[in-house]
Amino acid sequence: MEITKESTVADIVSKKLGSDHVFSKYKIDFCCGGGDTLEKACNESGVEFKIIKKEIEAVNTKISDSSNLNDLDIPSLIEKAKDDYHIQISNTIIETLPFAEKVAKVHGAEHNEVVEINELTKGVNVVLTEMLKNSNKSLYPKVSEILEMAKKSEEIPSGVIQGIKKTIKRNEIAQNLLADSFKEISNLSSDYTTPVGACNSYNFLYKNLKKLQHEVHRYMHFEKNILISKALKIIE
């Protein structure tokens, strides 16, 4: 794929391995804002097109042991979602929650922002739990159902189509809530920068929150622009 100013952010992340890290570096939204052209994203983030293109090409060249997600079929994508993204995200949020609570309790009087960050992190956990549950219990079974119908050349009932669209909409609402929450956490933490002399717990919390944000953004891009995109092509 040739990267141009007209290329969408989502398309680049789908086809250029490692580009998600470059976009995160420059605070370019590649999940909810994935439909923006690279030119628009660069203008809004204040980075030159030629610089970000060069970095994406460089990191993509270094990555040779990962498959292109667009080449995977739908069952393989669902398996990857469950066995890779879901487990990774769940482990990170479980690690992060007690440290958010601890840092808020110990440092909240002096740094009010960590109290807000703790509450936001709790909210992120609730939304993430419901979103992953919706994917596992509703979205993926519905996608598998229409895939089987398509293989048998069966007509997909309108009720089934409406059902999967409603399920997708629920996840889109959750994704927007998560994007807003992480944006607020990033602002409150000065882009995950700890105060001078911060303790190990403080440093661990910010490091993990930044990691969690990246993992969630990667997963939201994966589900919205790759998995769901392929599923919708079946019913279009």
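Residues numbered from 1 in each chain as written. Predicted model: local features only at pLDDT ≥ 70, side-chain atom pairs only at ≥ 80, totals over all residues. Heavy atoms only, no water.

1. Things to note about the overall build of the protein chain
Reasoning step 1: Looking only at helices and strands, the protein chain features 8 helices and 0 strands.
Reasoning step 2: Helices (α) and strands (β) of the protein chain occur, in sequence order from the N terminus, as α-α-α-α-α-α-α-α.
Reasoning step 3: Taking the principal axes of the C-alpha coordinates as reference, the protein chain spans close to 65 × 40 × 30 Å.
Reasoning step 4: Counting every position in the protein chain, which comprises 236 residues, the buried fraction comes to 44%.
Reasoning step 5: Nonlocal contacts in the protein chain, meaning residues at least 24 apart in sequence, comprise 76% of its contacts between residues at least 6 apart.
Reasoning step 6: For the protein chain, the computed accessible surface area is about 12,400 Å², with 50% contributed by carbon and sulfur atoms.
Reasoning step 7: The average position of the 32 basic charges and that of the 35 acidic charges among the side chains of the protein chain differ by 1 Å. (Helix = DSSP H or I, 4+ residues; strand = E, 2+ residues; numbered from the N terminus. Buried < 20%, exposed > 50% of the residue type's maximum accessible area, 1.4 Å probe, protein only. Contact = heavy atoms within 4.5 Å. Areas by Shrake-Rupley, 256 points an atom, 1.4 Å probe, with all protein chains shown as cover. Lys, Arg positive; Asp, Glu negative; His and termini not counted. Charge placed at Lys NZ, Arg CZ, Asp CG, Glu CD.)

2. Comments concerning the environment of His-217
Reasoning step 1: Locating His-217 in the fold gives a position in helix H8 (residues 200-235).
Reasoning step 2: The buried category is assigned to His-217, whose relative accessible area is 12%.
Reasoning step 3: As a C-alpha pair, His-217 and Met-149 span 68 residues in sequence and 31 Å in three-dimensional space.

3. Some remarks on the side chain of Glu-215
Reasoning step 1: Mapped onto the secondary structure, Glu-215 falls in helix H8.
Reasoning step 2: No salt bridge is formed by the buried Glu-215. Its closest oppositely charged neighbour is Lys-211, at 4.1 Å.
Reasoning step 3: With near-sequence residues (within four places) excluded, Glu-215 lies in contact with Gln-88, Ile-89 and Thr-92. (Salt bridge = Lys/Arg side-chain N within 4 Å of Asp/Glu carboxyl O.)

4. Structural notes on the confidence of the model for the protein chain
Reasoning step 1: Chain-level pLDDT for the protein chain is 89 on average; 95% of the residues reach the 70-or-more range.
Reasoning step 2: No element of the protein chain has a lower mean pLDDT than helix H2 (residues 19-25), which averages 82, and none a higher one than helix H6 (residues 113-151), which averages 96. (pLDDT = per-residue confidence, 0-100.)

5. A look at unusual backbone geometry
Reasoning step 1: One non-glycine residue with positive phi stands out, namely Ser-153, at about 60°.
Reasoning step 2: Tracing the sequence through the fold places Ser-153 in the loop between H6 and helix H7 (158-188).
Reasoning step 3: Phi at Tyr-192 is positive, roughly 60°, even though this residue is not glycine.
Reasoning step 4: In this fold, Tyr-192 is placed in the loop between H7 and H8.
Reasoning step 5: Residue Tyr-192 is classed as buried on the basis of its relative accessible area of 10%.

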